[in-house]
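Architecture at a glance
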Amino acid sequence: MSTTKAAANGYTTYMTDKLGPLPFCPGCGHYVLIKALDKALVKLQLDPKNVVIVTDIGCIGLSDRYFTTNAFHGLHGRSITYACGLKLARPELTIIALKGDGGCGIGGTHLLNVARRNIGITLIVGNNFNYGMTGGQHSVTTPTDGLTSTTPWGNVEGPMDLCGTAIAAGAAWAYRSTMFDKELSDVMALAIDQPGFAMIDIWELCTAYYSPRNELKRKGLDDLLASYNLKVGLLADNPRPEYSVHYKEAYEAGKSVIKPKLPIEKKYDNSVSRQTGIVLAGSAGQKIKSTATLFAQASMFSGLDATQKDDYPITVMTGHSLAEIIVSRERIDYTAIDSPDYFLVISEDGLKRARARIEKLPETCTLYAEESLDLPETKARVIRLPWAETAKKISKLSVAVIALATMLQDTGLFSQEAFATAISQFQKAKIAETNLKALEAGAELVSN
Amino acid sequence: MGREFLEGNEAIARGCMKAKCDFFAGYPITPASSILHYMLELVPQAGGTAIQAEDEIASMGFCIAAAMTGRKVMTATSGPGLSLYSESVGLAQMGETPMVIVNIQRQGPATGSATKGAEGDIQFTRWITSGGLPVIALSPATIGEAYELTYRAFNLAEQYRSPVFIMANKEIGVTKESVDLDAIELPPLVERKKVASGKDYVPHNFNGLTDVPAMSDFGGEYIARYTTSTHDKTAYLTTNPAVIQEMIDHYTAKIDEAADDMALYKEDFQAGAETLIISYGIISRSATVAVKEARARGTKISSLILQTLWPVSKKAITSAMKGIKKVIVPEMNMGQYCLEIERLAPPGVEVVGVGKMNTSLVSPAEIQRTGGLL
Ligand SMILES: Cc1ncc(C[n+]2csc(CCOP(=O)(O)OP(=O)(O)O)c2C)c(N)n1
Ligand code: SF4
Ligand SMILES: [Mg+2]
């Protein structure tokens, strides 16, 4: 971290005159702001290589290149995002973002979120109540009744209190000031020194647009503040851990739960002679997807290749859930199943979603269905099973395991042991225990 | 590690980590969200930083800035989020930022069908931002390729100092497949070209237009500058038309002229074939089945599967069309890459697009039917 008491490294300015004078209109508040920032940096004597001035668009955004520090000039209203990216990637750097009131409007969410996250950047807002660069249109801070090129009859919108908004979002440090504040550079140095997020909202004159249109002069700024009952000076100073510090701590504290991944080696044989398509149709909450995955993993324990493609609505806890599993001795190309070999329908939701497909099933297909379902006409060979009844005795969450175990027992595609191995390897011990019972119960439905 | 049963999104995350990615920012969106989940877990394990941003614009802002400090960065989204990436992709091009952008496409436009696949963003990605500069985009067809191409995308990003897109869709991202990632052969990792110590740092230094400028990190040995605005090699603003054109020519040439170098594709040519299927992504797998079935019936047919979509692999496509009378282009959109094939097809060659965007895969049967193979 930087420190105000740093020994003088001999930096007398952090600005270059190579590019000529600053490009602002005479009397523009941005000029004062930039000069104060230079003074603040001189005060801090930071190595310019460790400082990044970040700007976005607007007159204020023309300023980064006049500094001898690193400079990052990005898109309108997004300087906070670059500043945060730099800080997250290199927490040891000093990152100063400059922004206009216009930028605070279009990029308002970034202001809220940097404050909330407490990422240790400094934000300096050159707040001149309008969009200077584009011709004096009104911004989120334009006073009510203020005249701008887009409020020809006076602004009917209310102004946003930038510091107040950031503080409400959790800003650790916030300061409001005007361009006439003699202590501006000291305040900036203090802000830069904060380990967490710190912002300064500097009320300014835009001498090309807002000031002449509204006869706003030095005194007018004070009157404006008074009329809003807004204080200047330090408005918030509530330090808390900076994001990157907190992030590291959270990871260190939580990393012990990381489990190593286990490979799937061939342990069992299979009797699959050609690419085989299995559709499992049920309801959300019936563990259709995860059980299909276990089944596919079981096929891999049996030396097969597998794919799984799911179909479900966006609200995952309601409606249908379908899984399409293909197992094969060879590489699987087309992952959809146009002509299923085995079709399992477990619930009303699944039937509803799959009805049209069931009606078209070929005679080569076996349809395994929960016995309580009212099935449509189909050419498939139909086997009805008391899955729901069986699940009631074990666990409703195991109905998909029961169903697939039944099919596996009936077809002998591969062994029940393979399915059991997948369950034991990939499920938590307690759930695995229940599912191993379900496996047996499912197999029994067809073995006797 | 051996064989696993993985979804494409996990393979992408693993490919990304294999490429030593150490910064990720993203915003949740189906069907790309699980990439965000994997990355939030994996990146800190490798000593890096991963964050869920407040929106896609912030995701891109975080990533671009982090990339310029020397991090290897990735973000991931789907159609609606990609739309919000647009302006920032231009920024990344302007600043010559190496980064990987994953798009797990879903059926659109707008919110579309969140949990359903399509590939409607193919031309959108090519013309993703104002200015129309070229982009690099790869399209995986399998879970293994999702891993491999993500890894390769990092190499391309470094090699060409450019954003690189991975264009998958729901049918890869959340489809699971048996795969052994370790069995996939990968090229060596391309390290970022850094300026030699002691030289002056010019952020966009090039002699020949296709030269890729060496970089210096923000916070590194040199003062670094980055700008969204029209600039010269030193990253200072310029209004000189000759300099501006030279910069634009550079951005364009470094990618377009390398098109054949970065072309990744798979050829399966049959002597005497007069029909060719050109495909990419998940639908190339339907094409493979269509080819197998057609050949089994005695039809002579060739196949070209493209993994690099942008820049267009002109040489590969043109040479595949030699002696061909009909090209079939199946895709999960209304005929987007078909336009590129039409552009390259010699006079007299018929180009038949087989496109739909109804959330289901284009089937081998549809390819053969619309393609006139049945
Ligand atoms: C996305 C986008 N929209 C609009 C613009 C046009 N634009 C340039 S500057 C600006 C307003 C800047 O106002 P402010 O941030 O207050 O800066 P000032 O010029 O007042 O210093 C706008 C709207 C832009 N560059 N980008
Ligand atoms: S237009 Fe306004 S903000 Fe812009 S330089 Fe002039 S006075 Fe300053
Ligand atoms: Mg302004």
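No experiment lies behind these values; they were computed from the predicted model shown. (Residues numbered from 1 in each chain as written. Chains lettered and ligands numbered in written order. Predicted model: local features only at pLDDT ≥ 70, side-chain atom pairs only at ≥ 80, totals over all residues. Heavy atoms only, no water.)

The next point concerns the overall build of chain B. Counting secondary structure elements, chain B contains twelve helices and 15 strands. Over its C-alpha atoms chain B spans a radius of gyration of 21 Å, differing by no more than 12% from the 21 Å that the globule rule assigns to 374 residues. Once the C-alpha set of chain B is aligned to its principal axes, its extents read approximately 65 × 45 × 40 Å. Across the 374 residues that make up chain B, the buried fraction comes to 65%. Of all intrachain contacts in chain B linking residues separated by at least 6 positions in sequence, the fraction that spans at least 24 positions is 76%. For chain B, the exposed area adds up to about 12400 Å²; of that, 51% sits on carbon and sulfur atoms. (Helix = DSSP H or I, 4+ residues; strand = E, 2+ residues; numbered from the N terminus. Rg over C-alpha atoms; globule rule 2.2 N^0.38 Å. Buried < 20%, exposed > 50% of the residue type's maximum accessible area, 1.4 Å probe, protein only. Contact = heavy atoms within 4.5 Å. Areas by Shrake-Rupley, 256 points an atom, 1.4 Å probe, with all protein chains shown as cover.)

Residue and element names in this part refer to chain A. At 2.1 to 2.2 Å from the magnesium ion (ligand 3) lie its protein donor atoms, namely Asp101 (OD), Asn128 (OD1) and Asn130 (O). Coordination of the magnesium ion (ligand 3) draws on donor residues from a single chain, spaced D-x26-N-x1-N in sequence. You can see Asp101 sitting in helix α3 (residues 101-106) and its partner Asn130 sitting in strand β5 (residues 130-131), a full 29 residues away along the chain. Here Asp101 matches Asn130 in class, with each residue buried. (Donors = N, O, S within 2.8 Å, 3.2 Å for Na, K, Ca; no water.)

The final tally for this structure, using the stated rule, is 32 salt bridges over all chains. Among the salt bridges present, the one from Lys116 of chain B reaches Asp311 of chain A, with a minimum N-O distance of 3.4 Å. In this pair, Lys116 of chain B sits in the loop between β5 (99-105) and α5 (122-126) while Asp311 of chain A sits in strand β11 (residues 305-311), so the two residues belong to two different chains. With relative accessibility at 17%, the residue Lys116 of chain B sits in the buried group. Residue Glu274 of chain B pairs with Lys325 of chain B through a salt bridge whose shortest N-O separation is 3.3 Å. Residue Glu274 of chain B is located in the loop between β10 (265-268) and β11 (275-280), and its partner Lys325 of chain B is located in the loop between α10 (314-320) and β14 (326-331); the two are separated by 51 residues in the primary sequence. Salt bridges sharing common partners tie together Lys261 of chain A together with Glu4, Glu10 and Arg14 of chain B. (Salt bridge = Lys/Arg side-chain N within 4 Å of Asp/Glu carboxyl O.)

At the junction of the two partners, chain B supplies 68 residues and chain A supplies 61 residues. Taking both sides of the interface into account, the surface hidden between chain B and chain A amounts to around 5300 Å²; carbon and sulfur atoms contribute 58%. Broken down residue by residue, the surface that chain B buries against chain A is led by Arg3, Phe5 and Glu54 of chain B, which jointly contribute 13%. Connecting chain B to chain A are six salt bridges. The shortest N-O distance in the salt bridge between Asp305 of chain A and Arg3 of chain B comes to 2.8 Å. Our count for the chain B to chain A interface comes out at 29 residue pairs in polar contact (both at pLDDT 80 or more). Per-element tally for the side of chain B that touches chain A: the top contributor is helix α3 (residues 56-67) of chain B, with seven residues. A per-class count over the side of chain B that touches chain A returns 29 nonpolar, 21 polar and 18 charged. (Buried area = accessible area lost by both parts, 1.4 Å probe. Polar contact = N/O pair within 3.5 Å; in protein donor to acceptor, adjacent residues only side chain to side chain. Nonpolar A, V, L, I, M, F, W, Y, C, P; charged D, E, K, R; others polar.)

The subject of this paragraph is helix α1 (residues 8-18) of chain B. The periodicity of an α-helix, 3.6 residues per turn, causes residues three or four places apart in sequence to face the same way. Residues and elements named next belong to chain B. With respect to burial, α1 is a largely interior element, ten of its eleven residues being buried. Looking only at α1, the buried set comprises Gly8, Asn9, Glu10, Ala11, Ile12, Ala13, Arg14, Gly15, Cys16 and Met17. Of the residues trailing α1, Lys20 is marked for its positive phi of about 65°.

Let us look at the sheet that holds strand β9 (residues 233-237) of chain A. Across a sheet, paired strands are connected by hydrogen bonds in the backbone, their directions being either parallel or antiparallel. In space, the eight strands of this open sheet follow the order β9(A)-β7(A)-β8(A)-β4(A)-β3(A)-β1(A)-β2(A)-β9(B), with mixed pairing throughout. In this open sheet, the two strands that pair with only one neighbour each are β9 of chain A together with β9 (225-227) of chain B. Strand-to-strand, the axes of this sheet are offset by a mean angle of 15°, without reference to chain direction. The pairing of strand β1 (residues 51-55) of chain A with strand β3 (residues 94-100) of chain A spans four bridges and is parallel. Bridge assignment links Val54 of chain A to a residue of β3 of chain A, and that residue is Ala97 of chain A. (Pairing = 2+ DSSP bridges. Axes fitted to C-alpha atoms, helices over the stretch in contact; angles between N-to-C directions.)

The local shell around ligand 1 holds 17 residues, among which His30, Cys59, Gly102, Gly132 and Met133 of chain A are the closest. This site is not confined to one chain, since residues near ligand 1 come from chains A and B. Note that an oxygen atom of ligand 1 is positioned 3.0 Å from one of the backbone N or O atoms of Gly103 of chain A. A distance of 2.8 Å separates an oxygen atom of ligand 1 from a polar backbone atom of Gly132 of chain A. Put simply, the parts of the chain that give the shell around ligand 1 at least two residues each are α3 and β5 of chain A. Examining the composition of the shell around ligand 1, we find that three residues originate from one element, α3 of chain A, more than from any other. (Near = heavy atom within 4 Å.)

Residue and element names in this part refer to chain B. Along the polypeptide, Ser313 turns up in the loop between β13 (308-310) and α10. Ser313 sits in the buried class, given a relative accessible area of 0%. Setting aside residues up to four positions removed in sequence, Ser313 forms contacts with Asp260, Ala263 and Thr308.

Turning next to the sheet that holds β14 of chain B. Residue and element names in this part refer to chain B. Strand order in the open sheet made by the five strands is β10-β12-β11-β14-β15, with mixed pairing throughout. In the strand order of this sheet, the two ends are held by β10 and β15 (350-355), each with one partner. Neighbouring strand axes in the sheet, compared pairwise and without regard to direction, differ in orientation by 15° on average. Sheet analysis places β14 next to β15, joined by six bridges and oriented parallel. When the sheet's bridge partners are listed, Lys326 is paired in β15 with Glu350. Packed on one face of the sheet, helix α11 (residues 337-344) meets β11, β12 (301-306), β14 and β15 and runs near 165° to β14.

What follows covers the site of ligand 2. Surveying the vicinity of ligand 2 reveals the residues Phe24, Cys25, Cys28, His30, Cys59, Asn128, Gly132, Cys206, Thr207, Ala208 and Tyr209 of chain A. Grouping the constituent residues of the shell around ligand 2 by class yields seven nonpolar, four polar and no charged.

We note that the domain assignment places domain 1 (5-250) and domain 2 (276-444) within chain A. Centre-to-centre separation of domain 1 of chain A and domain 2 of chain A, based on C-alpha positions: 59 Å. (Domains from an automatic or database assignment.)

Take empty space enclosed by the protein next. Following the criterion strictly, the structure yields three cavities of 30 Å³ or more and no others. Taken as a whole, the largest cavity spans an internal volume of roughly 70 Å³. Taken together, Gly61, Leu62, Asp64, Arg65, Ala71 and His73 of chain A together with Arg225, Tyr226, Thr227, Ala235, Tyr236 and Leu237 of chain B make up the lining of the largest cavity. For the lining of the largest cavity, the secondary-structure elements that each account for two or more residues are β2 (70-73) of chain A together with β9 of chain B. Partitioned by chemical class, the residues of the lining of the largest cavity number six nonpolar, three polar and three charged. By volume, the second largest cavity is sized at about 60 Å³. Looking at the second largest cavity, the residues that line it are Gln93, Leu133, Pro134, Arg161, Ser162, Pro163, Tyr251, Lys254 and Ile255 of chain B. Considering each element in turn, the lining of the second largest cavity owes the most residues, three residues, to helix α8 (residues 241-256) of chain B. Broken down by class, the residue content of the lining of the second largest cavity amounts to five nonpolar, two polar and two charged. (1 Å grid on protein atoms, 1.4 Å probe; cavity = no way out; pocket = protein on both sides within 12 Å on 5 of 7 lines; lining within 4 Å. Points joined across faces, edges and corners; volume = space filled by probe spheres on them.)

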